[in-house]
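# Structure assessment
Now for the letters of each chain:
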Amino acid sequence: MKISQDKIIEIREANPIEEIIGNYIPLKKVGNNYKGLCPFHLEKTPSFTVSPQKGIYKCFGCGKSGNVFTFLMEYNNMSFYEAVQELGKLVGIQVEITKDENEDLYRANELVANLYHSTLLSGQGAPGREWLLKRGISDDTIRKFMLGYTPEQSIIWNEAKTKGLKRENFEFLGLLNGTQDVFRRKIIFPIRNRAGKVVGFGSRVLDNSEPKYINSKESSMFKKRRLLYGAYETRSEIRKEAILVEGYMDLLSIYQAGTKNVVASLGTAFTQEQARYLKSYTKSVTIAYDGDTAGHKATERAIDIFLEEGFDVKVLPFPDGEDPDSYVKKHGKLNFTEVQNFVEFKIKKCSNVTEKEELVRNFQETLSKMNDPLKKELWTDEISKKLGIGKDLLLIERVIPKTNKVSESKNIDNLEATLLGIAATYPKVRELLAKKDFKVSTNELKHTLALVLNGETSADVLNSISNENLRKHFTNFSFEEAPDEDTDKNTDYEKLGKDYLNRILRIRINAEKKELKEKIPEGKSETSKKFYDLKRQEVSLKGEIA
Ligand SMILES: [Zn+2]
């Protein structure tokens, strides 16, 4: 899936950012820029700003920023590749799919999924089948979800060799260590993406040893926060409504008990990406997380995320200590008469004013996440009645704290991202970095630095930063008006760049000094040669840069 850099730039330039974003949210021209209500957080006055000249957007409320590709990626939950392809289509630029770089990885995953599955069904798989049978999982369910089993000895490499697949692909996916299988004596749950391709695996031990569940390695292909277990297998059942559970076994149990419209969140920390993923199937969800404190907290968080994405949210609560799996074992199936709406779930008995205040604030927060005006009105009404609190009070918008002034930050990743952003906009800062032979310590910014030094525009450099927070910092100063050559303003940015560089180098020197002090016995560190070197660097920093 290699697309040439030239083609990416061509597609980006052929798709005016204000038009593309304008297809999704109303934008109004203000000066050189366009402004609109941010689609990524709730606000009443527009702080989402789009610059046609620079080809980037930034929200001055929540900080989200990027180019036309990242907008589509975040808004539609697409991959970079999909976004490029989509925008390519709009302007008639074909993105060839000659050789999908991921194709070999998909083949590797598919081979392993098949191999584990056939092992489970073979003589070798007896311990696994016995374990699943004890938990009431039938052959039909095993086949539907292609469950697998890994024996004691390694089996992958022998099979892969004969098929001509490369070992490094299996190692990249975290399935092989050399020629040895990583997973042994485990039940295997293949995890598929939207297109039905296996992208990763969950595993469970047969006994009660910890950790019970381990997933295969996160990679560019396997990003848990963007996936839902079972969503591919149950895709035709979740069109109307989906039941969200925490784990693999919860899903399999209740699927088998007849509740087939179920997906699992691969852990308790439900994400916005997962909500958007689910949204392409349904906008109605019932959360059925475990009946313990962690499950409760996770439910509260998931409620807010779903509401923010415009879902109808309900909750199926369980008695303390029970989860969907154990409940179904006891009662045969889930009891949907116990389903509550999210307000009923959140309302607790308050025994004093402090508790009630906390509850009201919690609802303020939740309501502030709701983007649909009608839903917001109706639920505010409902909550107001239930709590006996005026609607005005419930709708007080919580002020989103302003992004920290970077100049005080000690976070070197953020500082480096900001510096690179300044350098991408101001050639003099770029020259400074080149002259000083500046290196980044943040791995993710290595390629970004190379692009900046190469003179790429901010909008194109942004493609190299997949971390949202780093993107935010990269664009910290992108929206200042571009200065004319040789004006005072230009000097300002040169100084700003120097300040950032200075700060970064200082933090690095201090970290080195600290490390040195810890290594060398008290008193001696100050006299060591290395320490003098650092001191000298510190002094020269003062002279040269500041
Ligand atoms: Zn925003």
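Scoring rules and cut-offs
Residues numbered from 1 in each chain as written. Predicted model: local features only at pLDDT ≥ 70, side-chain atom pairs only at ≥ 80, totals over all residues. Heavy atoms only, no water. Axes fitted to C-alpha atoms, helices over the stretch in contact; angles between N-to-C directions. Helix = DSSP H or I, 4+ residues; strand = E, 2+ residues; numbered from the N terminus. Left-handed = near helix turned anticlockwise from the far one by under 90°. Contact = heavy atoms within 4.5 Å. Donors = N, O, S within 2.8 Å, 3.2 Å for Na, K, Ca; no water. Buried < 20%, exposed > 50% of the residue type's maximum accessible area, 1.4 Å probe, protein only. Pairing = 2+ DSSP bridges. pLDDT = per-residue confidence, 0-100.

Turning next to the packing of helix H19 (residues 427-435) against helix H20 (residues 446-453). Direction vectors running N to C along H19 and H20 enclose 120°, while the axes themselves pass 10 Å from each other. Handedness of the crossing formed by H19 with H20: left-handed. Along its contact with H19, which presents Arg-430, Leu-433 and Ala-434, the element H20 presents Leu-449, Val-452 and Leu-453.

Attention now moves to the coordination of the zinc ion. Expected angles at a metal are 109.5 degrees for tetrahedral coordination by four donors and either 90 or 180 degrees for octahedral coordination by six donors. Only Cys-38 (SG), His-41 (ND1), Cys-59 (SG) and Cys-62 (SG) from the protein reach the zinc ion as donors, at distances of 2.1 to 2.3 Å. Residue Cys-38 is classed as buried on the basis of its relative accessible area, which comes to 6%. Residue Cys-59 is classed as buried on the basis of its relative accessible area, which comes to 1%.

Turning our attention to the pairing of strand S2 (residues 33-36). Examined bridge by bridge, strand S1 (residues 28-30) and S2 share 3 bridges and lie antiparallel to one another. Paired with Lys-28 across the two strands is Lys-35, which belongs to S2. Connecting S1 to the next strand, S2, in antiparallel fashion are 2 residues, including Gly-31 with a positive phi near 60°. Across 3 bridges, the pairing between S2 and strand S3 (residues 48-51) is antiparallel. Counted as the bridge partner of Gly-36 is Phe-48 from S3.

Turning our eyes to something else, we now look at the confidence of the model for the protein chain. Scored by pLDDT, the protein chain comes out at a mean of 87, with 91% of its residues at no less than 70. Ranking the helices and strands of the protein chain by mean pLDDT puts strand S6 (residues 148-150) first, with 98, and helix H24 (residues 529-544) last, with 72. Contacts of residues 398-407 to residues separated by more than four positions or lying in other chains number 12 contacts, the stretch itself having pLDDT below 50. In the model, residues 482-489 has pLDDT below 50 throughout and makes 7 contacts with residues more than four positions away in sequence or in other chains. Listed scores for the predicted complex are pTM 0.60 and ipTM 0.95.

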